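If you want the building blocks of each chain, they are given just below.
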Amino acid sequence: AQKVTQAQTEISVVEKEDVTLDCVYETRDTTYYLFWYKQPPSGELVFLIRRNSFDEQNEISGRYSWNFQKSTSSFNFTITASQVVDSAVYFCALRSNSGYALNFGKGTSLLVTP
Amino acid sequence: NAGVMQNPRHLVRRRGQEARLRCSPMKGHSHVYWYRQLPEEGLKFMVYLQKENIIDESGMPKERFSAEFPKEGPSILRIQQVVRGDSAAYFCASSPLESGNTEAFFGQGTRLTVV
């Protein structure tokens, strides 16, 4: 069985602070893929990143960075110097190589205030 | 290159009516997935379709829900005799490949309200 846990339900930060969103996953598969999606207040789902289980290199994209650690089954997401536009619900998801479905966590609601 | 298009964005139905949700995948994508997001919940997989075939419907409720992806035209998620518990956001996603090693791009969702 696959499971994704995002223990932080809500996070509130002040603009320019750094913030890390946690994601812990469970799977018995050796090949799998991890994703992060952003859902802004307008409601659409925006793809942010896909990482496969064989690639533990951390990734940085502008103010966003991701830390994938297989040893702790975690795929954490850090926003540096947060901005008000980062306010959204962020979902972590897991998909096996043999499956079709994305298994989503319940999401973390991030509020960035001026 | 247009993204995944869903319509309508908002749909209100009375209990007992039918709801039809449409999804046009991204150009070149032949794999379509439907997910449901209940209030305060994450997204739950419902069904995976390829053109004219349902591949996996393990997440679909056994009654009242059906999905299709015809050779021509959009994918349709159909809910018959809607009940208040069907109120949710329904998202469609598409991908170019079947395997897990690919992004799934989502539409903007259809928010169904049953009154």
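Residues numbered from 1 in each chain as written. Chains lettered and ligands numbered in written order. Predicted model: local features only at pLDDT ≥ 70, side-chain atom pairs only at ≥ 80, totals over all residues. Heavy atoms only, no water.

(A) Region of the structure containing the overall build of chain B. For chain B, the count of helices and strands is zero helices and 11 strands. Going residue by residue from the N terminus, the α and β elements of chain B occur as β-β-β-β-β-β-β-β-β-β-β. Its C-alpha atoms give chain B a radius of gyration of 13 Å, near enough to 13 Å, the size a compact globule of 115 residues would have. Within chain B, buried positions represent 45% of all 115 residues. (Helix = DSSP H or I, 4+ residues; strand = E, 2+ residues; numbered from the N terminus. Rg over C-alpha atoms; globule rule 2.2 N^0.38 Å. Buried < 20%, exposed > 50% of the residue type's maximum accessible area, 1.4 Å probe, protein only.)

(B) Representation of unusual backbone geometry. Residue and element names in this part refer to chain B. Here the amide bond leading from N7 into P8 is cis, since omega sits at -5°, within 30 degrees of zero. Inspection of the secondary structure assignment puts P8 in the loop between β1 (5-7) and β2 (10-13). Unusually for a residue other than glycine, E52 sits at a positive phi of about 65°. Along the polypeptide, E52 turns up in the loop between β5 (43-50) and β6 (53-56). For Q81, which is not a glycine, the phi torsion comes out positive at approximately 50°. Within the fold, Q81 resides in the loop between β8 (75-79) and β9 (88-95).

(C) Broad picture of the interface of chain B and chain A. If you look at the interface, chain B gives 24 residues, while chain A gives 20 residues. Carbon and sulfur atoms make up 54% of the surface buried where chain B meets chain A, a total of about 1,900 Å² over both sides. Connecting chain B to chain A are zero salt bridges. At the surface where chain B touches chain A, the tally comes to five residue pairs in polar contact (both at pLDDT 80 or more). Elements with a minimum of two residues in the side of chain B that touches chain A: β4 (31-37), β5, β6 and β10 (105-106) of chain B. (Contact = heavy atoms within 4.5 Å. Buried area = accessible area lost by both parts, 1.4 Å probe. Salt bridge = Lys/Arg side-chain N within 4 Å of Asp/Glu carboxyl O. Polar contact = N/O pair within 3.5 Å; in protein donor to acceptor, adjacent residues only side chain to side chain.)

(D) Spatial organisation of the nonpolar core. By size, the foremost hydrophobic cluster in this structure holds 24 residues, and its most contacted members are A:W36, A:W66, A:F77, A:Y90 and A:L110. Only β2 (10-14), β3 (19-21), β5 (32-39), β6 (46-52), β8 (64-69), β9 (74-79), β10 (88-96) and β12 (108-113) of chain A provide two or more residues apiece to this core. Beyond its immediate sequence surroundings of up to four residues, A:W66 is in contact with A:W36, A:L48, A:I49, A:N58, A:E59, A:S61, A:F75, A:N76 and A:F77. If you look at the next biggest cluster of nonpolar residues, it comprises 23 residues, including B:F65, B:L77, B:I79 and B:C92. (Core = buried A, V, L, I, M, F, W, Y, C linked by side-chain atoms within 4.5 Å.)

(E) How the structure looks around the confidence of the model for chain A. Scored by pLDDT, chain A comes out at a mean of 93, with 100% of its residues at no less than 70. For chain A, the element scoring lowest by mean pLDDT is strand β7 (residues 59-61) of chain A, at 87; β3(A) scores highest, at 98. (pLDDT = per-residue confidence, 0-100.)

(F) Representation of the state of the cysteines within the structure. The full count for this structure, using the stated rule, is two disulfides over all chains. The disulfide partner of A:C23 is A:C92, and the S-S distance across this bridge is 1.9 Å. Judged by the sign of its S-S torsion, about -65°, the cystine formed by A:C23 and A:C92 is left-handed. Pair noted here: A:C23 is in the loop between β3 and β4 (24-26) and A:C92 is in strand β10, with a separation of 69 residues, a long-range link. Residues A:C23 and A:C92 agree in their burial class; the two are buried. Shown here is the disulfide that connects B:C23 with B:C92, its sulfur atoms set 1.7 Å apart. (Disulfide = S-S within 2.5 Å.)

(G) Focus on the environment of B:C23. Residues and elements named next belong to chain B. Relative to the assigned elements, C23 resides in strand β3 (residues 19-24). Judged by its relative accessible area of 0%, C23 falls in the buried class. Measuring from C-alpha to C-alpha, the distance between C23 and M46 comes to 14 Å, with 23 residues separating the pair along the chain. Apart from residues no more than four positions distant in its own chain, C23 is found in contact with V4, M5, Q6, V32, W34, P74, S75 and C92.

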